[in-house]
Amino acid sequence: MRVVMNHRPTVDTVRRAVRSTRAWARAVAPGALPDFLVVGAQRCGTTSLHRYLAEHPQVRAATGKEIQFFSIHYGRGERWYRGHFPAPMAGRLSFEASPYYLFHPRAAERAAATLPNGRFIALLRDPVERAYSHYLQTRSYGAEPLTFAEAIAAEHDRLAWALRAGPDSRAAHTVLRRFSYAARGRYAEQLARWFRHVPRERIMVVRSEDFYADPASTYAKLLDFLDLEPFLPPRFAQHTRRVERGGPPVEVARSLRDYFVPHNARLAELLGWPDPWPVTD
């Protein structure tokens, strides 16, 4: 299978470097800390949600999506983080969205300590569809030489190798972000970690399929959760870096659905939901 090279990672790296440099410059007179975060999950609609929230007249977004302070850049310090946000303004909330936060082993504890009154939003998509979407994204970057079946089979060893030096090592960040196809779909263990550090009433969990099917209703509930005035964006267009066509190979999808049964059951129990993605085949 041929891997198509994509220059997007290089462009993203340059943009983040520029944004970081500007943040250090603004740190002389840093802005306020954010009032809320979109913490994940990756490939679950966070880019669209980020856009819709940023369009609200009472909301001001950070300098860009995926600041990654509580995951990758925590060592740069709070002053650097503040440099990504505007100065405080009465009646306005600021936010950022970094989908890696839900999955990163230390992000919840760090966010809770830095934002003791913060609110957090998590989007959760069918974990099989999410895994395949994640795989397609990694392949589009030229970073995944394996087939989907091979990548799923190799995932445990890949992650174990990366974590030998701890979750904040460079190797861990690279591998955890790129190759955590199935691991990121074990939502219950990730949310349980967040619930240990943040009161549940300050975390809103949304099923991505509900968001896709009725974005206006979901958006209204999110605004209510954030104590923001009712508002509708000009339109609920889909915002994504890549359009997906087709689904995962049937045999791999079937195996993954079986794998996720106990994890989805635990999620349903944790949130008081009915089975969010029942096995139908």
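Residues numbered from 1 in each chain as written. Predicted model: local features only at pLDDT ≥ 70, side-chain atom pairs only at ≥ 80, totals over all residues. Heavy atoms only, no water.

Under the annotation held in an unreviewed UniProt entry, the protein carries the name Deacetylase sulfotransferase and is attributed to Phytohabitans suffuscus.

Visitor: I tried to follow the nonpolar core on my own but got confused; where do I start?
Guide: Among the nonpolar cores identified, the biggest contains 52 residues, and Leu53, Tyr81 and Trp194 are the most heavily contacted of them. Leu53 has contacts with Phe36, Val38, Val59, Phe95, Ile121, Tyr219, Leu223 and Leu226, leaving out every residue within four places of it along the chain. (Core = buried A, V, L, I, M, F, W, Y, C linked by side-chain atoms within 4.5 Å. Buried < 20%, exposed > 50% of the residue type's maximum accessible area, 1.4 Å probe, protein only. Contact = heavy atoms within 4.5 Å.)

Visitor: Mind showing me how you'd approach the packing of helix 6 (residues 127–140) against helix 12 (residues 250–271) here?
Guide: Where helix 6 contacts helix 12, the two axes come as close as 9 Å, and the packing angle between them is 125°. Regarding the angle of helix 6 to helix 12, the classification is oblique. Contact residues: Pro127, Val128 and Glu129 in helix 6; Ala253, Leu256, Arg257, Phe260 and Asn264 in helix 12. Looking at the contact of helix 6 with helix 12 residue by residue, the classes come out as five nonpolar, one polar and two charged. (Axes fitted to C-alpha atoms, helices over the stretch in contact; angles between N-to-C directions. Helix = DSSP H or I, 4+ residues; strand = E, 2+ residues; numbered from the N terminus. Parallel < 35°, antiparallel > 145°, perpendicular 65-115°, else oblique. Nonpolar A, V, L, I, M, F, W, Y, C, P; charged D, E, K, R; others polar.)

Visitor: It is not clear to me how helix 2 (residues 46–54) should be interpreted in this structure. Could you clarify?
Guide: Each α-helix winds once per 3.6 residues, and so residues spaced three or four apart point in a common direction. Taken as a whole, helix 2 has its buried residues at Thr46, Ser48, Leu49, His50, Tyr52 and Leu53. The inward-facing, buried residues of helix 2 contact strand 1 (36–40), strand 2 (59–61), strand 3 (93–97), strand 4 (119–124), helix 10 (208–213) and helix 11 (215–225).

Visitor: Looking at this structure, I do not really get the environment of Val279. What am I missing?
Guide: For Val279, the position within the fold is in the segment after helix 12. Exposure remark for Val279: the relative accessible area of 37% places this residue in the partly exposed category. Between the C-alpha atom of Val279 and that of Asp258, which follows or precedes it by 21 residues, the distance is 7.8 Å. Beyond its immediate chain neighbours, meaning those up to four positions away, Val279 contacts Arg257 and Val261.

Visitor: What is the right way to read the sheet that holds strand 4 from this model?
Guide: By definition, the strands of a sheet pair up through backbone hydrogen bonds, in either a parallel or an antiparallel sense. The sheet built from five strands is open, its strands ordered 2-3-1-4-5 with parallel pairing. Edge positions in the open sheet fall to strand 2 and strand 5 (203–207), since each of these has one partner strand only. On average, each strand axis in the sheet is inclined to that of its neighbour by 25°, with strand direction left out of account. The pairing of strand 2 with strand 3 spans three bridges and is parallel. (Pairing = 2+ DSSP bridges.)

Visitor: So what exactly am I meant to see when it comes to the packing of aromatic side chains here?
Guide: In this description, a pair of aromatic rings is defined by centroid distance and the angle of the planes. What the rule picks out here adds up to 22 aromatic pairs. The interplanar angle of 50° and the centroid separation of 5.8 Å between the aromatic rings of Tyr187 and Trp277 together place this pair among those described as tilted. Remark: Trp277 occurs in the segment after helix 12 and Tyr187 occurs in helix 9 (residues 187–197); sequence separation between them is 90 residues. Judged by its relative accessible area of 1%, Tyr187 is buried. Judged by its relative accessible area of 7%, Trp277 falls in the buried class. It is Arg119 that lies over the ring of Phe225; its NZ or CZ is 6.0 Å from the centre. In this structure, Arg158 is placed above the aromatic ring of Phe179, and the distance from its NZ or CZ to the ring centre is 3.9 Å. (Phe/Tyr/Trp six-rings, centres within 6.5 Å; stacked < 30°, edge-to-face > 60°. Lys NZ or Arg CZ within 6 Å of the ring centre and 35° of its normal.)

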